[in-house]
Amino acid sequence: MWVGKLAPPQMQIDVVRRDALLARLQSQRQISLALIISPPGFGKTILLSQWRLALQQQLVPTPVAWLSLDEADSDANRFLAYILLALEGAGVELAGLTQYAHEQLLDANPERTLAELLRALDKCGKRVTLMLDDYHCAASPAVDEIFLTLLERGSAWLQFVVASRTKPRWSLASLKARGLLHQVDASDLVLSLSEASHILGSSLDRSALTIVHSRTEGWAVAVQLARLWFSRGKGSSNDLLAFSGRVADVAEYLAEQILENMPQECREFLIETSLLERFNAELADAVRGRNDSGELLERLSHFDALLVPLDPDRTWFRYHLMLSEFLSPRLDRKRACEIHRSAASWLGRETDWVSAVAHALSAQDTDLAVQLVHQAGGWELVLTKGIQYTRSLLQQFDEVTKRTEPELLLMQAYLHAKLGNEALAMELFRLAEVAVKGIPRLLRDMKIIDALVHVYFDHFEDFDKWPKTGAAANDSMPDDPLGQATLLCAGAITSLAWGRIGEAGQAAKDALVRFRLSGNTLGENYGLMHLSQALSISGQIAAGRQCADEGIALAETNFGTDSSLKALVGCFKAQHLYWQGLWLEALPWLKNGKETLERVDGWFELFAATAEVSWRIALRHEGLSSALAILEDAAELARRRNLQRLSNLVLAWRVDLLAQCGLLTEAQQEANAASLEAKMHDHPGEIVAIGLNWRFLEAASLALARMQMAAGMPQAAQSRLKQMSRLFKAAGLILPAWRIGLFAMLAKHRARDGNIPVQEIQDSLAPIFQHGLTGLLLEAGPPMLRVLQQLEGTLPPQAVAVMTQLRGWRTHPPRQRTLFSAKESEVLNLLIAGQQSKTIARALGISENTVKFHLKNIFQKLGVDNRAAAIGAALRQGYSGQPEEA
């Protein structure tokens, strides 16, 4: 709930004005950040409120945005949402961002929201002061990162004033050194004797005033408590001498005296509402079972030092921490549970699920807490509210409850599936399978999460597990279009995995119909991605491209220009641009896609498409080292998520890459280590049937054929490729068949030294030009140039640019670099830097003999026999003596 967060507490009439501090803040206005740090009760909020008022009352008023933070705001997107709402309240035009903020539907990647916010601030053009109160409540690594990003990149438009009980985890020394920070500490906030006198009034003599100031050490809240106590006529200077020297003791003693002198109904009100972190009259009525809370709040209006109004209309309140801690033990356990239970129900109706669950658990009512989680959406909270929000709900439950309650088990299974933790996700799912038996309302969720978990971890051994048609989906989950659509998506991905492209297309189309009937644009985007893949692989390239473009437009319209969903669809857009030969245009889509995949979940098709297009483009534009780094990242992703199909693809791609760079020895070694040839055959000479392995067969065929061609065996390569092309075409995998057939023609052209019929070449190239797939000609590399030259004069215009590119690559081939182990690379870098063996051994923590062993291997790989020659050879290959960047 945002009520009471976007405006400062209303100041008391008699509050002391902090003129000296205000003058100091005014003199530091050019500094980007004013940070006010002190324990509770020193008057941070009051100082911020006075500074806000002063800025607004200037001759030219300064726009001021205010945000009071609490623990729930530690979620990055929630924190960002409230910042957007606060800035909107200060007059900053934020276009569509504010609607997303109101609905808590900001992009999963906070950096995208920040980028849009900074553009909006730049467009607005005016400098705004943003005040963040109680920053310590929301402080977290994610929130700190957002704040520091705004400080670094937004200081032209924003001045920050931050109040916190503790030092934020920022590099304060660095910020001060750069002139970005002005800090106000507790010692600066201590009330002077004259300021304390203003609060306490004229009824105390000088001696009593001095005692109060000494005992409270100028702590503002304690001075305020003393004023209230004295206003009851119960205190004197003699009584004050008996007070404890610890401020907390003084505050508790004074609060007790105040409470005992209150009317019975006010005292009961304070005690019964003391368990509430924030409340209004309606919530207070709900937990008390009464309808007089508004009247009692009005009678307690003089109590501002302890019962703090959170909005100008005085509708929302909170207690000072010390007072609530003092009041709450006065409730007996039974009554406390009743209040917590009532608060949970009321907050649930207001959709404040985190607070509602906290109160239910405080009432020791686990059933109610779980029921609230179900009302909130259960596992779907991961989709609607995000991972951090879901975690904040789950972490409130104890481990026994999390391992026995089916609703929570399903949430956790899905959550850990999205996080890529297969072992834990599958364990939780198995526990959920047992727990949901006999609970009809959860059986539907069970089916959906079962499908999603299998998709995330690429488990498609059972082809018939998921429906492939609308009729089958309806039988599986009657009268539930959204559930049916989700299962059909699993069926589409299963069919894609098995190379059953017709069934994949049908499942994706039927899923799209149901997503649209349900009004689920998020699901519609995923359906379009699956359909795009199915159409493209079946040879319907233009239709597949249209689906990808439609998905991008849909994501942009519904989730924003910089949304993570758009970035995911953009990975398939990049694949189409790659096929079209528009490699440079694909790069920004790949960059956004890879950045997004580091933050959100994905599945095999998405990972594979992004990795392959990335490494193939990197090879030509950046060289071997960059391409290898991309493949290593893909291998690490496959290991982390246990994606065996992706691991096998990376092995084949590495062989392809090394063969293209002329590193035949290394390519052969890797091919043997990966058993590429063996994995392609059930029996010697017999190719395995196309199924779950079809993408590997495609990649391995191309890799081994390229290695054979580089080794001077084009006829063997042609035989392999021709056989594979026929198999793929028969299976309806048309695009892979065209791709392999193109390489088969290239191998035959080389084997016969160009002596093949022109018509045969034209037949191989026909689908390439017809469907705009000139990127596959670029993929074949400079050897394709000789084939195209044979047809020069008859080629379509689109081939001219391809030939120009291929000529450039022939002149400047990818830089070849010898492959070293990690330790050999470290030794080589130190060697190039001029270090001797003894120094190298000391630097790496190994023996001198071990250094000599590594040097021997380095010399052998570089084809040299001494240190000087090794250094020269390494420098010619581009090694610089500096560690490679990650």
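The following refers to the structure shown. Computed from a predicted structure; not experimentally measured. (Residues numbered from 1 in each chain as written. Predicted model: local features only at pLDDT ≥ 70, side-chain atom pairs only at ≥ 80, totals over all residues. Heavy atoms only, no water.)

## Digging into the overall build of the chain
- Counting secondary structure elements, the chain contains 50 helices and ten strands.
- Across its three principal axes, the chain shows a C-alpha extent of roughly 115 × 70 × 55 Å.
- Contacts spanning at least 24 positions in sequence make up 69% of the contacts within the chain whose residues lie at least 6 apart.
- The averaged location of the 99 negative side-chain charges in the chain is 6 Å from the averaged location of its 91 positive side-chain charges. (Helix = DSSP H or I, 4+ residues; strand = E, 2+ residues; numbered from the N terminus. Contact = heavy atoms within 4.5 Å. Lys, Arg positive; Asp, Glu negative; His and termini not counted. Charge placed at Lys NZ, Arg CZ, Asp CG, Glu CD.)

## Thoughts on the environment of glycine 470
- Along the polypeptide, glycine 470 turns up in helix α28 (residues 470-476).
- Sequence separation between glycine 470 and alanine 507 is 37 residues, and the spatial gap between their C-alpha atoms is 7.2 Å.
- When neighbours within four sequence positions are excluded, glycine 470 is seen to be in contact with Leu488, Asp510 and Arg514.

## What about the pattern of salt bridges?
- If you walk through the whole model with that rule in mind, you get 43 salt bridges.
- Lysine 573 is the salt-bridge partner of aspartate 549, the closest N and O atoms lying 2.9 Å from each other. In this pair, aspartate 549 is assigned in helix α32 (residues 541-559) and lysine 573 in helix α33 (residues 564-580), connecting sequence segments 24 residues apart.
- Judged by relative accessible area, which is 16%, lysine 573 ranks as buried.
- Across the salt bridge formed by glutamate 612 and arginine 616, the nearest N and O atoms sit 3.0 Å from each other. In this pair, glutamate 612 and arginine 616 are both assigned in helix α35 (residues 604-621), four residues apart and thus about one turn of the helix distant.
- Its relative accessible area of 15% is what places glutamate 612 among the buried residues.
- The class for arginine 616 is buried, based on a relative accessible area of 4%.
- Several salt bridges converge on common partners, so that one network encompasses Glu612, Arg616, Asp656, Glu698, Arg706, Arg739 and Glu779. (Salt bridge = Lys/Arg side-chain N within 4 Å of Asp/Glu carboxyl O. Buried < 20%, exposed > 50% of the residue type's maximum accessible area, 1.4 Å probe, protein only.)

## Observations regarding the state of the cysteines
- By the definition in use, this model includes zero disulfides.
- No disulfide involves cysteine 489; its nearest neighbouring cysteine sulfur is the one of cysteine 547, lying 13 Å away. (Disulfide = S-S within 2.5 Å.)

## Description of helix α25 (residues 406-418)
- If you check α25, its first and last C-alpha atoms are 18 Å apart, about what 13 residues at 1.5 Å a residue would give, namely 18 Å.
- In terms of burial, α25 is largely enclosed, as 13 of its 13 residues are buried.
- Of the residues one or two after α25, glycine 420 is the one with positive phi, at around 85°. (Expected span 1.5 Å × (residues − 1).)

## Here's the deal with helix α48 (residues 837-844)
- Along α48, the residues that are buried comprise Ser837, Ile840 and Ala841. Down the axis of α48, the smallest arc covering the buried residues is 100°, so these residues share one side. Of the exposed residues in α48, those oriented more than 90 degrees away from the buried face are Lys838, Arg842 and Ala843. (Arc of directions from axis to C-beta.)

## Observations regarding the side chain of arginine 616
- Engagement of the side chain of arginine 616 in a polar contact is seen with the side chain of glutamate 612, the distance being 3.0 Å.
- Apart from the residues lying within four places of it in its own chain, the contact partners of arginine 616 are Tyr578, Trp583, Trp653, Asp656, Gln660, Arg706, Arg739 and Glu779. (Polar contact = N/O pair within 3.5 Å; in protein donor to acceptor, adjacent residues only side chain to side chain.)

## Side note on the pairing of strand β8 (residues 316-319)
- Where strand β6 (residues 279-280) meets β8, two bridges bridge the pair, whose relative direction is antiparallel. Following the sheet pairing, phenylalanine 279 is matched in β8 by phenylalanine 317.
- As judged from the three bridges shared by strand β7 (residues 307-309) and β8, these two strands associate in the antiparallel manner. Across the sheet, residue proline 309 finds its bridge partner in β8, namely phenylalanine 317.
- As consecutive antiparallel partners, β7 and β8 are separated by six residues, and within that stretch arginine 314 has a phi angle of approximately 55°, a positive value. (Pairing = 2+ DSSP bridges.)

## Remarks on the sheet that holds strand β2 (residues 64-68)
- On the basis of which strands lie adjacent, the open sheet formed by five strands has the order β2-β3-β4-β1-β5 and parallel pairing. Because the sheet does not close on itself, it has two edges, and the strands there are β2 and β5 (181-184). Each neighbouring strand pair of the sheet contributes to a mean axis angle of 15°, computed without reference to strand direction.
- Bridge analysis of β2 against strand β3 (residues 128-133) gives five bridges, and the strand direction is parallel. Bridge pairing in β3 links alanine 65 to leucine 130. (Axes fitted to C-alpha atoms, helices over the stretch in contact; angles between N-to-C directions.)

## Details of unusual backbone geometry
- Phi at aspartate 479 takes a positive value of approximately 55°, unusual for a residue other than glycine.
- Within the secondary structure, aspartate 479 is located in the loop between α28 and α29 (481-498).
- One non-glycine residue with positive phi stands out, namely serine 675, at about 55°.
- By secondary structure assignment, the location of serine 675 is in the loop between α38 (664-674) and α39 (676-679).

## Description of the sheet that holds β8
- Taken in spatial order, the three strands make up an open sheet running β6-β8-β7, and their pairing is antiparallel. Each edge of the sheet is formed by a strand with only one pairing partner; in this case those strands are β6 and β7.

## With respect to the packing of aromatic side chains
- The tally for this structure, following the rule as stated, stands at 16 aromatic pairs.
- Among the aromatic residues, ring-to-ring pairing joins Phe79, Tyr135, Phe147, Phe160 and Trp170 into one connected group.
- Over the face of the ring belonging to phenylalanine 463 we find lysine 468, whose NZ or CZ atom lies 4.2 Å from the ring centre.
- Sitting over the ring of phenylalanine 604, arginine 645 keeps its end group 3.8 Å from the ring centre. (Phe/Tyr/Trp six-rings, centres within 6.5 Å; stacked < 30°, edge-to-face > 60°. Lys NZ or Arg CZ within 6 Å of the ring centre and 35° of its normal.)

## Focus: the side chain of arginine 335
- Among the structural elements, arginine 335 can be located in helix α19 (residues 333-349).
- Of note is the side chain of arginine 335, whose polar atom sits 3.1 Å from the side chain of glutamate 338.
- Other than its neighbours up to four places away in sequence, arginine 335 contacts Glu272, Val287 and Arg288.

## Points about the packing of α19 against helix α20 (residues 353-362)
- Interaxial distance between α19 and α20 falls to 7 Å at its minimum, and their mutual angle equals 160°. Classified by the angle their axes make, α19 and α20 are roughly antiparallel. Once α19 is placed against α20, the crossing between them reads as left-handed. Taking contact as the criterion, the partners of Arg333, His340, Ala343, Ala344, Leu347 and Gly348 in α19 are, on α20, Trp353, Ser355, Ala356, His359, Ala360 and Ser362.
- Residues belonging to the contact of α19 with α20 are distributed by class as follows: six nonpolar, five polar and one charged. (Parallel < 35°, antiparallel > 145°, perpendicular 65-115°, else oblique. Left-handed = near helix turned anticlockwise from the far one by under 90°. Nonpolar A, V, L, I, M, F, W, Y, C, P; charged D, E, K, R; others polar.)

## Some points on the pairing of strand β1 (residues 33-37)
- Within β1, five of the five residues are buried, which leaves the element mostly enclosed by the surrounding structure.
- The alternating pattern of β1 places Leu33, Leu35 and Ile37 and Ala34 and Ile36 on opposite faces, both of which are buried.
- Bridge count for β1 against strand β4 (residues 158-164) is five bridges, and the pairing is parallel. Among the inter-strand pairings, leucine 35 is bridged to a residue of β4, identified as valine 162.
- Direction of pairing for β1 relative to β5: parallel, over a ladder of four bridges. When the sheet's bridge partners are listed, leucine 35 is paired in β5 with glutamine 183.

## What about the environment of proline 40?
- Along the chain, proline 40 falls in the loop between β1 and α2 (44-56).
- A relative accessible area of 24% places proline 40 in the partly exposed class.
- The spacing of proline 40 and arginine 165 is 125 residues in sequence and 6.3 Å in space, taken between C-alpha atoms.
- Excluding anything up to four places from it in sequence, proline 40 contacts Arg165 and Trp219.

## Considerations on the packing of helix α31 (residues 521-537) against α32
- It is the contact of α31 with α32, at a shortest axis distance of 7 Å, that shows an interaxial angle of 165°. Classified by the angle between their axes, α31 and α32 sit roughly antiparallel to one another. Between α31 and α32 lies a crossing of left-handed hand. Between α31 and α32, the residues in contact are Thr521, Leu522, Glu524, Asn525, Leu528, Leu531, Ser532, Leu535 and Ser536 and Ile541, Ala543, Gly544, Cys547, Ala548, Glu550, Gly551, Leu554, Ala555, Asn558 and Phe559, respectively.
- Taken together, the residues that form the contact of α31 with α32 break down as eleven nonpolar, seven polar and two charged.

In short, geometric facts, not functional conclusions.
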